[in-house]
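Each chain, letter by letter, is given below.
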Amino acid sequence: MQARRVVLGLVALLTVALLAACSGAPVESGSDAAAGSDAASGDAASGAVELQLMGWASSEAENDRLQSVVDNINEAQDGFTLTMNLVPDYDTKLQTSMAGGAPPDVFYIDSFKFPDLVASGSVIPVQNIENPDDFYPNLREAFSSDGEFYCPPKDFSTLGLIYNTDMFDAAGLEYPTTDWTWDDLHAAAEALTDAENGVVGLALSPDMARWLAFLYQAGGSVVNDDFTAMTINSPEAQEALAFYVGLVQDGFAAQPADLSAGWNGEAFGQGAAAMTIEGNWIMPFMTDQFPDINFAVAELPAGPAGKATLSFTVCYDIPANGKNSEAASQAVNLLTNETGMAAWTDLGLAMPTRASLRDGWLEQYPDQEAFLNGAEYAYPWQFRPGFSDVLDTFNSGLQEAMAGTKSVDAVLSDTETVGTEVLNR
Amino acid sequence: MATGIKQQDRQDAIAGWLFMTPTLIIFGIFVFIPILFALYFSLTDWNGISPPGEAAFVGLRNYQDVLFGGGIRQQDFYKALKNTTYFALGVVPVQTALALFLAVVVNQRFLRFKSFFRTAYYFPAITSSVAISLIFLFLYQKDGLINEALSFVTFGAWKPVAWMADARGIFHIWLNWLGVNSERVPWLANTSLLGLSVWDWISGPSIALLAIMLMNTWTTIGTLMVIFLAALQDMPPQVYEAAQMDGAGTWTIFRRITLPLLRPTTFFVVTLGLMGTYQVFDQVYVMSSGGPAKTTLTVAYLVYRSGFNNFEMGMGLAVAILLFIIIFILTMIQRRVTEGEKA
């Protein structure tokens with residue numbers, strides 16, 4: 001009986017301890033928050049504000065470079081200390097931290113997600129952006145809402161035509177020039193295809209983020225300028241999609257999966273395709289994984305309506321209701337002013353978004369001129385909130401069209417239907 | 001005397017509850033309350049980013065959109081339900097039968113290296129499903145090991161397929177062999193049922209989904225085998241001896257004695273299988289993200305996609321609640337069927 005009492009007593013004690021631990025948590029975090037706001041209000045007196053920068057993890061070289069840029073910034077001023085937090089599965093982490101009311105002080109926003117985040121009211125414009133007119137206008141526009149420039153782009157990439165110079169030499173073909181048209185691309189893809197050895201002229205992914213360049217080259221568009229009506233079911237779009245899908249059905253191009261590769265760059269590196277369409281990110285990938293492949297970059301060929309490409313860009317923004325908006329804005333400016341950006345883009349992984357840095361960067365990376373020239377005629381990879389459904393529908397249709405189980409017309413009309421639904425939501 | 005027993009009972013009850021309290025608290029905080037929250041937010045238009053308090057109450061609108069809305073949300077939901085159902089119909093019977101077979105094999109008294117086989121079959125079950133999925137991505141490549149092996153076994157007659165990029169439904173492929181397709185029989189494509197055409201409904205799992213089904217079967221068999229094995233080792237030996245005395249052969253013993261005695265275990269294994277397959281997520285997340293052409297979009301992946309890609313957490317939670325209801329109903333039906341057989 002005595003032992004029984006002891007056991008009961010122990011269980012009761014444990015239960016109480018557990019309850020206490022549970023109820024204790026909020027009190028503790030409450031005092032944390034209080035300490036945080038003390039630090040924010042009296043940062044001059046009590047030292048530097050702690051700021052957290054959240055982004056997605058990339059290659060080691062990239063992460064190290066960003067760390068050194070951040071270190072320089074921390075040394076250069078006493079107002080704040082910036083800590084980097086590079087995470088996998090970034091979008092989910094950012095979203096949950098915002099919903100939980102504790103977002104990081106500075107974070108990346110991809111241009112495609114920007115409209116959704118602005119619509120949700122969870123981000124605000126960075127204060128006093130330094131020399132805003134220096135950013136390329138189309139990139140500035142990508143991060144503007146209702147005419148207000150929200151966040152300075154940290155870098156950008158455009159799509160270019162990547163080609164294997166050895167394969168061109170072997171086939172006796174001239175290298176792509178800036179005057180290339182769709183016909184030249186088609187002819188080269190045909191000449192470079194070597195079915196016996198499993199080599200196709202062009203690796204093409206079933207992805208709107210590649211095909212869209214062709215749509216713009218054909219003079220088409222996805223949606224009208226004020227986002228009230230879908231314009232994707234047009235003769236221009238039919239022409240662009242028929243050309244894209246036709247290359248695959250003629251056997252001159254193939255999607256990466258059919259070349260036993262995870263993405264275009266891998267297919268190109270493995271020598272299964274003589275050309276592909278990708279952005280600047282393919283450069284470090286090729287150097288790391290396929291250093292023996294000789295290749296070069298050209299501008300995308302012009303379509304019936306002229307030149308066009310897509311730009312992919314990411315900015316640094318700050319959260320709404322943030323405790324340290326002022327210090328965070330200062331940090332963003334130090335990251336994206338001429339000095340900060342040059343220190344970052346000098347690594348050559350992505351291009352500076354400031355026009356004033358163009359020439360200096362080009363001197364260092366002359367082989368990437370084609371990408372940089374694309375900035376002149378690039379369209380941002382961006383639509384409006386809720387467009388993920390449209391993207392999914394189109395990509396799903398494009399996969400079927402490439403496999404030959406769906407017609408080009410059906411892909412476009414399905415996309416138009418879903419797009420109209422999204423616009424009317 | 002009587003009161004003494006009552007007192008004892010009451011003390012036992014108090015002790016029981018006390019012992020249960022830590023679990024109940026943890027269960028309440030991490031399971032029960034979140035479920036209530038999910039139920040509530042499925043009735044709001046919460047986008048999953050803004051503070052949850054700001055979400056507007058919209059009643060049953062999310063459910064209405066998903067079940068009868070007529071738009072892309074309805075289409076995606078039934079597409080996901082179709083894929084998941086094909087997944088369950090393919091995986092559950094096969095994994096149950098194979099697990100039972102393996103359990104019977106490794107339960108043989110005279111089998112040598114018994115523990116080696118038991119370990120080997122159980123091994124995939126204790127490996128992280130993400131790691132397995134990543135490895136299988138390589139195996140399923142067009143020039144990957146699986147195509148090579150199939151080609152070797154069939155003396156080169158097998159044409160390599162890019163498993164994870166192939167959206168063709170296997171019933172569609174078979175129907176095509178029989179000369180039936182949506183062009184020859186237009187009503188199949190023109191008759192629409194719940195947002196999908198009849199032709200879409202009868203697609204069968206796509207090659208990509210089939211690839212995930214095969215992998216999933218392989219990883220789950222081990223666990224189910226162990227459950228069957230435990231049940232087999234609990235079988236009363238007298239019954240078997242009696243059957244042998246009556247002159248029953250091996251097959252008769254298996255069919256007339258082992259299977260009926262295993263019925264509760266089979267119910268358990270099939271229930272686990274149904275719940276597991278209807279919730280399949282991680283393999284899809286790692287291997288295909290719902291593609292190609294949405295043929296590996298499962299209900300659980302749709303929940304994630306709505307909440308985190310499309311910023312429609314309320315919608316995603318509505319799908320999650322519907323998934324719960326579907327699994328609940330299926331388990332009830334299955335229970336009825338199992339009990340009906342007994343009577």
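Residues numbered from 1 in each chain as written. Chains lettered and ligands numbered in written order. Predicted model: local features only at pLDDT ≥ 70, side-chain atom pairs only at ≥ 80, totals over all residues. Heavy atoms only, no water.

Our next topic: the domain arrangement of chain B. What the domain assignment reports for chain B is domain 1 (2-41) and domain 2 (70-169 + 204-342). Centre-to-centre separation of domain 1 of chain B and domain 2 of chain B, based on C-alpha positions: 34 Å. (Domains from an automatic or database assignment.)

Time to look at the environment of Asp367 of chain A. Residue and element names in this part refer to chain A. Tracing the backbone shows Asp367 in the loop between helix H15 (358-364) and helix H16 (369-373). For Asp367, a relative accessible area of 46% translates into the label partly exposed. The sequence separation of Asp367 and Met283 amounts to 84 residues, and the corresponding C-alpha distance is 10.0 Å. In this structure Asp367 touches Met283 and Val297, once residues within four positions along its chain are discounted. (Helix = DSSP H or I, 4+ residues; strand = E, 2+ residues; numbered from the N terminus. Buried < 20%, exposed > 50% of the residue type's maximum accessible area, 1.4 Å probe, protein only. Contact = heavy atoms within 4.5 Å.)

Let's shift gears to the pattern of salt bridges. Side chains carrying opposite charge are able to pair once their charged atoms draw close together. Counted by the stated rule, this structure contains 21 salt bridges over all chains. A salt bridge links Glu421 of chain A to Arg425 of chain A; its shortest N-O distance comes to 3.5 Å. On the basis of relative accessibility, which here comes to 25%, the residue Glu421 of chain A falls in the partly exposed class. By sharing partners, the salt bridges in this structure join Asp389, Asp392, Glu421 and Arg425 of chain A together with Asp65, Arg73, Asp76, Lys294, Arg305 and Glu312 of chain B into a single network. (Salt bridge = Lys/Arg side-chain N within 4 Å of Asp/Glu carboxyl O.)

Glancing now at the interface of chain B and chain A. Of the residues lining the interface, 41 residues belong to chain B; the matching set on chain A comes to 37 residues. Both sides together, the interface formed by chain B and chain A hides about 3,100 Å², and carbon and sulfur atoms give 58% of it. Considering only the surface of chain B that becomes buried against chain A, Ile49, Ile72 and Phe311 of chain B emerge as the three largest contributors, covering 19% of it. Between chain B and chain A we count 4 salt bridges in total. Among the salt bridges present, the one from Arg425 of chain A reaches Glu312 of chain B, with a minimum N-O distance of 3.3 Å. Our count for the contact surface shared by chain B and chain A stands at 14 residue pairs in polar contact (both at pLDDT 80 or more). Those elements that provide at least two residues to the side of chain B that touches chain A are helix H1 (2-41), helix H3 (72-106) and helix H15 (299-309) of chain B. The element that contributes the greatest number of residues to the side of chain B that touches chain A is H1 of chain B, accounting for 11 residues. (Buried area = accessible area lost by both parts, 1.4 Å probe. Polar contact = N/O pair within 3.5 Å; in protein donor to acceptor, adjacent residues only side chain to side chain.)

All names here are of chain A. The buried fraction of strand E8 (residues 160-164) is high, at 5 of 5 residues. Side chains Gly160, Ile162 and Asn164 project from E8 onto one buried face, and the interleaved Leu161 and Tyr163 project onto a second face that is buried too. The sheet contact formed by E8 and strand E11 (residues 273-278) spans 4 bridges and is antiparallel. Residue Leu161 lies in a different strand from E11, and its bridge partner there is Ile277. Examined bridge by bridge, E8 and strand E12 (residues 295-298) share 4 bridges and lie antiparallel to one another. The partner of Tyr163 across the bridge, within E12, is Ala296. (Pairing = 2+ DSSP bridges.)

The subject of this paragraph is the pairing of strand E9 (residues 200-203) of chain A. Residues and elements named next belong to chain A. The pairing of E9 with E11 spans 3 bridges and is parallel. Paired with Leu202 across the two strands is Met275, which belongs to E11. Summarising the sheet, E9 and strand E10 (residues 253-254) pair through 2 bridges and their orientation is parallel. For Leu202, the partnering residue across the bridge sits in E10 and is Ala253.

Considering the arrangement of structural elements, one finds Ala274 of chain A in strand E11. Sequence spacing of Ala274 of chain A and Val199 of chain A is 75 residues, and the spatial spacing of their C-alpha atoms is 7.3 Å.

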